[in-house]
Protein chains: 2
Amino acid sequence: MGMSEKGLGPVGLFRAKGKRITPQRRLIVEIIQEHEGHLDADEILLRAKARYPRLSLSTVYRTLDLLRELDLVKELGLATYRRHYEAKPNEEHQHLICLGCGKVIEFQCAHCLDIHQNLADQHGFEITGSRVELLGYCPQCAEKEVDHVHRHLPSE
Amino acid sequence: MGMSEKGLGPVGLFRAKGKRITPQRRLIVEIIQEHEGHLDADEILLRAKARYPRLSLSTVYRTLDLLRELDLVKELGLATYRRHYEAKPNEEHQHLICLGCGKVIEFQCAHCLDIHQNLADQHGFEITGSRVELLGYCPQCAEKEVDHVHRHLPSE
DNA sequence: TTATATGCAAACAATTTGCATCCTG
DNA sequence: CAGGATGCAAATTGTTTGCATATAA
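Residues numbered from 1 in each chain as written. Chains lettered and ligands numbered in written order. Predicted model: local features only at pLDDT ≥ 70, side-chain atom pairs only at ≥ 80, totals over all residues. Heavy atoms only, no water.

## So, the sheet that holds strand β5 (residues 104–107) of chain A
The line we're drawing: One requirement defines pairing of two strands: DSSP has to find at least two bridges between them. Working definition: helices are DSSP H or I runs of at least four residues, strands are E runs of at least two. Numbering for both runs from the N terminus. Interaxial angles span 0 to 180 degrees and are taken between N-to-C directions of axes, which are lines fitted to C-alpha atoms, for helices over the stretch in contact. In what follows, residue pairs with any heavy atoms lying within 4.5 Å of each other are defined as contacts.
Taken together, the 6 strands give an open sheet; going across it, the order is β5(A)-β4(A)-β6(A)-β6(B)-β4(B)-β5(B), and neighbouring strands pair in mixed fashion. Among the strands making up the open sheet, the edge pair consists of β5 of chain A together with β5 (104–107) of chain B. Averaged over neighbouring strand pairs, the angle between their axes works out to 25° when direction is ignored. Sheet analysis places strand β4 (residues 94–98) of chain B next to strand β6 (residues 126–137) of chain B, joined by 4 bridges and oriented parallel. Bridge assignment links Cys98(B) to a residue of β6(B), and that residue is Gly136(B). This element, helix α5 (residues 110–122) of chain A, spans β4 (94–98) and β6 (126–137) of chain A together with β4, β5 and β6 of chain B of the sheet and lies at about 130° to β6(A). The strands touched by helix α5 (residues 110–122) of chain B within the sheet are β4, β5 and β6 of chain A together with β4 and β6 of chain B, with β6(B) carrying the most contacts at an inclination of about 130°.

## Let's talk about the pairing of β6(B)
Put simply, the test is: Only protein chains enter the accessibility calculation, which uses a 1.4 Å probe. A residue is then buried if its area is under 20% of the maximum for its type, exposed if over 50%, and partly exposed in between.
In terms of burial, β6(B) is a largely internal element, 9 of the 12 residues being buried. As paired elements, β6(A) and β6(B) share 11 bridges and run antiparallel to each other. Following the sheet pairing, Gly136(A) is matched in β6(B) by Ile127(B).

## Considering helix α3 (residues 41–51) of chain A
All names here are of chain A. Keep this limit in mind: The arc in question is formed by the directions pointing from the helix axis toward the C-beta atoms. Two N or O atoms form a polar contact when they lie within 3.5 Å of each other; inside protein one atom must be a possible hydrogen donor and the other a possible acceptor, and for residues adjacent in sequence the pair counts only when both atoms belong to side chains.
Listing the buried residues of α3 in full gives Ala41, Ile44, Leu45 and Ala48. Down the axis, α3 shows its buried residues gathered within 100° of arc, on one side only. The exposed set on the far side of α3, more than 90 degrees from its buried face, consists of Leu46 and Ala50. On its buried side, α3 packs onto α2 (23–34), β1 (39–40) and α4 (57–69). If you check the start of α3, you find a side-chain oxygen 3.1 Å away from the backbone N of Asp42, and it comes from Asp40.

## Examining the nonpolar core
Put simply, the test is: Among buried residues, the Ala, Val, Leu, Ile, Met, Phe, Trp, Tyr and Cys ones that are joined through side-chain atoms within 4.5 Å form a nonpolar core.
Counting residues in hydrophobic clusters, the biggest one holds 25 residues, and the most contacted among them are Phe125(A) and Leu96(B). The set of elements that each furnish at least two residues to this core consists of β4, α5 and β6 of chain A together with β4, β5 and α5 of chain B. Excluding residues that lie within four positions of it along the chain, Leu96(B) makes contacts with Ala120(A), His123(A), Phe125(A), Ile127(A), Lys103(B), Val104(B), Ile105(B), Phe107(B) and Leu134(B).

## With respect to helix α2 (residues 23–34) of chain B
Note the threshold: Given a helix with a known number of residues, its expected span is that number minus one, times 1.5 Å.
Compared with the 16 Å implied by 1.5 Å per residue over 12 residues, the 16 Å span of α2(B) between its first and last C-alpha is a close match. Those residues of α2(B) not exposed but buried are Leu27(B), Ile28(B), Val29(B), Ile31(B) and Ile32(B).

## Some remarks on unusual backbone geometry
The backbone phi angle of Asp71(A) is positive, close to 65°, even though this residue is not glycine. Positionally, Asp71(A) belongs in the loop between α4 and β2 (73–76).

## Points about the side chain of Asp40(A)
Residue and element names in this part refer to chain A. Along the chain, Asp40 turns up in strand β1. Using a relative accessible area of 4% as the deciding quantity, one classes Asp40 as buried. Of note is the side chain of Asp40, whose polar atom sits 3.1 Å from the backbone nitrogen of Asp42.

## Topic: the environment of Arg131(B)
Residue and element names in this part refer to chain B. By secondary structure assignment, the location of Arg131 is in strand β6. Assessed through its relative accessible area of 5%, Arg131 is described here as buried. Along the primary structure Arg131 and Gln94 are separated by 37 residues, whereas in three dimensions their C-alpha atoms are 6.9 Å apart.

## Section: the environment of His38(B)
Mapped onto the secondary structure, His38(B) falls in the loop between α2 and β1 (39–40). As for His38(B) and Glu75(B), which are separated by 37 residues in sequence, their C-alpha atoms are 8.8 Å apart.

## What to know about the packing of α2(A) against α3(A)
Residues and elements named next belong to chain A. Let me state the cut-off plainly: Any angle that is under 35 degrees is reported as roughly parallel, and any over 145 degrees as roughly antiparallel; angles of 65 to 115 degrees are reported as roughly perpendicular and all others as oblique. For any pair of crossing helices, the crossing counts as left-handed if the nearer helix is rotated counterclockwise from the farther one by less than a right angle, and right-handed if it is rotated clockwise. Here the term charged refers only to Asp, Glu, Lys and Arg, the term nonpolar to Ala, Val, Leu, Ile, Met, Phe, Trp, Tyr, Cys and Pro, and the term polar to all other amino acids, Gly among them.
In contact at an axis separation of 10 Å, α2 and α3 are set at 120° when each is read in the N-to-C sense. By the criterion of interaxial angle, the relationship of α2 to α3 is oblique. The two elements α2 and α3 cross, and the hand of that crossing is right-handed. Across the interface between the two elements, Leu27, Ile28, Glu30, Ile31, Ile32 and Glu34 of α2 pack against Ile44, Arg47, Ala48 and Arg51 of α3. Each residue belonging to the contact of α2 with α3 can be placed in one class, and the counts come to 6 nonpolar, no polar and 4 charged.

As C-alpha cells, this is what we get:
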C-alpha cells in the first residue's frame, strides 16, 4: 500500500502543497527522521542549532505544524495543552476526538484493554490508567477539510 | 470488584491519605462527579464560583492534582503540556509511558487499530491518527511508588 | 520579482509557586 | 493551635503572533 508517496519524500510533498523548501525545513525533517523515538520542540532546536545556529524556536514550531499537516510527523500528547478531567468512570472508556470542532465522543472497547494489560505485563509495567484517543474529523468537519485540501492542489 | 473503596467516597479517601476536607474540595469533587463528560480547570472554576465566589483557580488546580493522586479523577490530555513528535511510522504503534521517569516504550497492537477503525466508522468519523497511551510505572519506579503510598497510611 | 519563510521580541494561555492568612483536625 | 489549605499576584513555561527582512521559486 502507498509506496508511491513514500518514494516522493518530504520534498515532493512540500511541492505538492505549494510549500517552499528551505534549509531550515530540510534540517528539521532530517533530525526527526534520523532520530529513533520522540523529540519535543526544544530538543529539535538544540540539535538543529548545532548545524544551523540562527534557527529560531518559532520556525521549529511552524515547521512542526507544517509537517503534521503533511502527515510526515506524528504527535504524542494533546494538540491543545488544556487538560480535561472527568470523574473516574466505573467502566474505562475511550475517546473519539474531532480535530475540527473539538467534539468528543466516548466509546467502550473492553477487548482493547485486555490486550493492553497483557502488553503492560510483558514489560513489567504497573498500569494506572490509559488514554485511547482517536483523532480525526466528524462528518460535518470532514466536509470542510475536503475544501481545504482542494485549495492546495497544484492547479495554478 | 472493589466496592469497599467506593462506599467510602471521597471524604474517606481524603482522610486515609491524611488530607483535609475543605468546602472548596467538596465542591470541586461534587461538580466533577455531577457532570457528564469532561471539564477543564476554567469550566470547573466557573461552575464553582456560582456557589463559592471566592474560589481561586490555583485551588482548582491544586485540588485536581490531589484528586488525580487519589485516583478520583481521570485526565484527558497530556499531564505535561509539552508536545512530542516522531517521524510518521510505517507501522502505527502505541506508547507505554512511565509517569515516574518519563520513559516511553513503544509497542504494536494491530488488532486494536482494527477495532478502533470499526468504531470510527460507526460514528462517521474520518480518522487521521490515534493516540494510545498506557500510563503507569515501570518496574524501577513502581518500587518508589510503594514507598510513597506507605508514607501516607494512617499510621501516626 | 513577489509571495512565502524566517528571526526576533513581544504576546498569550495554561499552569505553578511564594507568601501571608485562614481554618481543619 | 499547628500545619495543611487558600487566595492573590507574580513567575514559569510551552506555544503563537506581528512585523521587518531575507529568500525560494
